[in-house]
Amino acid sequence: MRRWWRGLGADRRTARQEVDFWRLQALFNNFKRILSLNNAILEDMAKMERALGGEYIFDRAFLESSVSNIAHRVHHVVYSLNALTGNRHVGLYDRYQDIRTLLDDILADNIRTLADEAVLPLRAIGWEHESLVGMDLVCLAALPASSRIVPMDGLAVTAEGIRALELADAGGADSDQGPRLAEARSALREQLRRLATAQPGGPVAVVASRIDGDESPLQEMGAFLLGLDLDRREVSLVRQDGPADAVAERMVLADPGPDRTEEEDGEGECSAAELLLHGLERIAQLVGETPAPAGPHPAKSALFVHPQPPPMLTGTIRTRPLPGNPLAAEDGLMVEAAPFPEAPGDCFLLRRTHPFELLRSHIAARPAGHRFADNRPASAASAEQPHLRRGSALVEPGLLRDLAETAMLLERLFGAPLEIRWQLGSDGVCRLARLLPLACGLEPGPGQGAAESGEAVPVCQGGQTGQSGVGAGPVVHVDETTDPETFVAGAVAVARYASPDLTPILQRAAALVTEFGSAAGHLATVARELRLPSIFGLPDALDLLPPGTEVTVDGGETTIYGGIVEAMLRLDAMGMELTPQDREYRMLRRLLRFILPLHLLYPQLPDCTAENCRSFHDIIHFCHERAVEELAHFQERRPGLDTLRTRLLELDLPLDIRVLDVGGGIRPGSDLRLRPDRIESAPFAAFLEGLTDPRARNPEVPSLGLRDILAGVPRSMGLLAAPVDALGANLAIVGGEYLNLSLRLGYHFSVIDAYLGEDASRNHVYFRFVGGLADPERRGRRARFVAQVLAAMEFKTSVKGDLVVARLKLMEPDLLRAALLALGALTAFTRQQDINMRSEADSAQRFAAFAADFLLPFGARGLREAGDEVS
């Protein structure tokens, strides 16, 4: 009878083990499904991006099917993550639904759901607001911080805000939209109060634009100047545009009078804000009276409102010369400047590539008594010698170069040649007031076939296209520590890895080249957002492209030519359709604002939460990071896994590792006792190769002192007091391309979670190391040694005491295999070596020995950078 019950108990344990195993395999399949779906989603996103760049001819049906496919897969990613983590991230479903609703509204030409704000300060405008304020203000707001050239510090009245202004005198407050309109007017009043405070009593400029029209995505409708008389409580409106022979319209608008609320009444800036609001109401009426162009979709308008201090200089920049200009004998960038609009001014033609040198100039004669911005008088001369009155140019060379750099960045952001209006204030700051698309017909120049005829000499070729197009400039080597402010604007950035930390540099670069990285990664997405010609995964790029070398990068052909090939730059500009005028193009751009951008760059920061996901890319990136984290802590969160039906790995080492295969990790037909040659898991096989390498075995016997023994007593007592499950055997959960390994070697513990496949965008390694028996000083020394080795392999590492945490992502298969081999060797090499690391010299000696044997695949550059990163 006792035997029968024992048999029954054994059968139950076996059945439970089978159930646990299938649950484990189901969880792992969810992880693999996340990887597979993410890869398919990124491919769909890349296809939409290529369509935006003109590679595909597309219509609304393409947009609808693309959004439907991506949304379906994103939903399944969210489901798989919750299945993997026990529904710990159900909030992702809400974020998914919010974004899906926005995308559906865009496809239905309904932007009202985006129009929550009637007014936006310029600094708060992002790419997602393009359909509300216009592409010009989006580009101005995207300018990087600068001390010398800045956009006008103003505010945008969105299409919703104009609607509130138009209905102010039309009974809008009594309609169903009354509360919403009242809220919009309140927001307008508050922002105008802040604007009036910045320049008390000064004039305010207002530019009205029609955005999202069927014929043109941006069209100026009128420029106005509001003048305030606070004593008389009046506002005057002057229309500044129109035909040259037209009389400027001038109206005096009285203050609304006694109908203001007590909150709205007051002196100073509050009264100024109310006058400005009344002036904007009149401008909204004028804009509404302007005949709308014919088309199936109603055109929307927006206002840009900003203070207008008296300028010392006004001017324009044209990123392409207009036909007929006497200076435009060759292609270039035109800068014009005048002391005031009616005065004769100077004209400069600059090269469009770094260092933006001056090609030609025309300096106007100054009238008698003219003084420059620094109060210098122009040269006096007789009427018979007017050329002697020219004096100096209005714009000094440094400002010319800054204007050219900024103009080229804006052209790249806008995606088309531009006319840019600027003003130089008495404080020496140049402010940009307006962007307009520039219609210029580029004609083929001499030598247009330079690339084909052999005049352009290829330097190197290979890699993947991140963004097509041609960019040229001097080579600058960059990495994650490069200060964007020191990067030479208009240079070609060349990096070893496509790190997201390089994002700020891209706004100043003419092109981007990386040795490693994928065209499906985050940095490639940013490059496409900026339409920056880029090549990813070009072997030996740092060695082939020395710093300072002038090159021309053809992103579409993945080829780099020596020198600045002007013919290629001109042909590229002629062939690019950067601003398609069809509505589908603009719709695709808006859709991508909620699909492509990646805002949650750093998973370790507290703001990396489900609630902060603002795009589908955010959602799948969040799911990937949380899935990796779940598996990295898998064995900790599921004690008792070693009770499953595992197999003991036979090693020629005093180390027991049990192996649990969840699919494809072990050769079929293997016995319960495994030899390393039966392992088919790619990451585990690489790790074992390093672990068993004889060079990794340190023959030096640790020498324990009394201090080490006393330091280890608390750890020994803690281990003795721990549950038996916590002391369980070393366990490796393996699949064909996956490894989750938990090792407990004496007094130190390590965890490795890795995925190694042919797709570099999915490859990753997570590594955690902690513990030791020696005193805290020597344990910390070994931790720094481990971190130095990891840094040499380009791991992102952090060290806290004797705890080391490191991550490696987006690595090519061969290098990731070498990294896993080195991790195996490091595991054997550092066992109990905290005791022997008595000084920094000991640590340095051991690092040199280990690097000579196992870090050669990562090159001398990685070894040099490792010491800097850890220190």
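Conventions we followed
- Residues numbered from 1 in each chain as written.
- Predicted model: local features only at pLDDT ≥ 70, side-chain atom pairs only at ≥ 80, totals over all residues.
- Heavy atoms only, no water.
- Salt bridge = Lys/Arg side-chain N within 4 Å of Asp/Glu carboxyl O.
- Helix = DSSP H or I, 4+ residues; strand = E, 2+ residues; numbered from the N terminus.
- Buried < 20%, exposed > 50% of the residue type's maximum accessible area, 1.4 Å probe, protein only.
- Axes fitted to C-alpha atoms, helices over the stretch in contact; angles between N-to-C directions.
- Left-handed = near helix turned anticlockwise from the far one by under 90°.
- Contact = heavy atoms within 4.5 Å.
- Phe/Tyr/Trp six-rings, centres within 6.5 Å; stacked < 30°, edge-to-face > 60°.
- Expected span 1.5 Å × (residues − 1).
- Polar contact = N/O pair within 3.5 Å; in protein donor to acceptor, adjacent residues only side chain to side chain.
- Pairing = 2+ DSSP bridges.

**Q** Can you break down the pattern of salt bridges residue by residue, with the values?
**A** Counted by the stated rule, this structure contains 26 salt bridges. Of the charged contacts, one joins E419 and R318 as a salt bridge, the two residues approaching to 3.7 Å between their closest N and O atoms. Here E419, found in strand β13 (residues 418-424), pairs with R318, found in strand β9 (residues 313-318); they are 101 residues apart in sequence, far enough to count as distant. For the pair E419 and R318, a shared accessibility class is recorded, and that class is buried. In the salt-bridge network here, residues are joined through shared partners; they are D136, E220, R318, E336, E419, R421 and R434.

**Q** Give a description of the packing of helix α21 (residues 813-829) against helix α22 (residues 840-854) that names residues and reports values.
**A** Relative orientation of the contacting elements α21 and α22 amounts to 145 degrees, with a least axis distance of 11 Å. Relative to α22, the crossing made by α21 is right-handed. Here α21 contributes L821, A822, A825, L826 and F829 to the contact with α22, which in turn contributes R846, F850 and F854.

**Q** Give a description of the packing of aromatic side chains that names residues and reports values.
**A** Counted by the stated rule, this structure contains seven aromatic pairs. Summarising the aromatic geometry, the rings of F31 and Y738 are spaced 5.4 Å apart at their centres and angled 50 degrees between planes, so their arrangement reads as tilted. You can see F31 sitting in helix α1 (residues 2-52) and its partner Y738 sitting in strand β27 (residues 738-745), a full 707 residues away along the chain. In terms of burial, F31 and Y738 fall into one category: buried.

**Q** Account for helix α2 (residues 60-85), naming residues and giving values.
**A** Here α2 spans 38 Å end to end across 26 residues, near enough to the 38 Å set by a 1.5 Å rise per residue. The N-capping residue of α2, defined by a side-chain oxygen 3.2 Å from the backbone nitrogen of A61, is D59. One or two positions beyond α2, positive phi appears at G86, with a value near 70 degrees.

**Q** I'd love a proper account of the sheet that holds strand β22 (residues 559-562), names of residues and values included.
**A** One open sheet holds the eight strands; their spatial order is β15-β22-β21-β17-β18-β19-β20-β16, and the pairing between them is mixed. What marks the edges here is a single partner per strand, and that holds for β15 (458-461) and β16 (464-467). Pairs of neighbouring strands in the sheet enclose a mean axial angle of 30 degrees, with direction left out of account. Bridging between strand β17 (residues 470-478) and strand β18 (residues 492-497) involves four bridges; their strand directions are parallel. If you follow V476 over to β18, its bridge partner there is A493.

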